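Fold and contact review
Here is what each chain is made of, one letter per residue.
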Amino acid sequence: MCQHILILAERNGQQYVSQCEHGTVHLIWDGIGLHLPAEAFNRLATHIMKTRANIQERGDSISHGHCRMCVGKMSLTLPVEDFLQLVEMIDEVMPHIDLTGSGQYDPQYRLAPPQNVISPFLN
């Protein structure tokens, strides 16, 4: 269980990237969480950046579409606008990901647990 979580970027309590003392990168987007070893997150981020470049090449013709991100058997579909916000956040954290898993973090980033937001139940 993670005892120390370093928030690397946060858009709100439901959208953030953090890294724990185990070296795991936690990507949370609207209540969906990916918890990946730093190397795996780095590979995913590389694919995400390539997708952003493809979107930018296509311009307005794709601006109302959706992007699907698949990790293993999990799939997350986001409107292009939300996907680009996700990419912006990932781009922001990439220089700060600790690929060694040593738990040594840049002191300019705050060490804090993520906010616990209770999601509504739908019946």
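All of the points below concern the structure found in this document. (Residues numbered from 1 in each chain as written. Predicted model: local features only at pLDDT ≥ 70, side-chain atom pairs only at ≥ 80, totals over all residues. Heavy atoms only, no water.)

1. Focus on helix α2 (residues 80-93)
With 14 residues, α2 should reach 20 Å at 1.5 Å per residue; the first-to-last C-alpha distance of 20 Å fits that figure. Within the span of α2, buried status applies to V80, F83, L86, V87, M89, I90 and V93. Those residues of α2 that are buried are in contact with β1 (5-12), β2 (15-20), β3 (24-29), α1 (38-58), β5 (66-71) and β6 (74-79). (Helix = DSSP H or I, 4+ residues; strand = E, 2+ residues; numbered from the N terminus. Expected span 1.5 Å × (residues − 1). Buried < 20%, exposed > 50% of the residue type's maximum accessible area, 1.4 Å probe, protein only. Contact = heavy atoms within 4.5 Å.)

2. Considerations on the environment of I48
In this fold, I48 is placed in helix α1. For the pair formed by I48 and L84, sequence separation is 36 residues and the distance between their alpha carbons is 9.5 Å. Among residues more than four places away in sequence, those in contact with I48 are M69, F83, V87 and I90.

3. A few points about the packing of α1 against α2
Packing of α1 against α2 leaves a shortest axis separation of 10 Å and a crossing angle of 130°. Between α1 and α2, the angle falls in the class oblique. α2 is crossed by α1, and the crossing has left-handed handedness. Within the contact between the two elements, α1 uses F41, A45, I48, M49, T51, R52 and I55 and α2 uses V80, F83, L84, V87, I90, D91 and V93. Residues of the contact of α1 with α2, tallied by class, amount to 11 nonpolar, 1 polar and 2 charged. (Axes fitted to C-alpha atoms, helices over the stretch in contact; angles between N-to-C directions. Parallel < 35°, antiparallel > 145°, perpendicular 65-115°, else oblique. Left-handed = near helix turned anticlockwise from the far one by under 90°. Nonpolar A, V, L, I, M, F, W, Y, C, P; charged D, E, K, R; others polar.)

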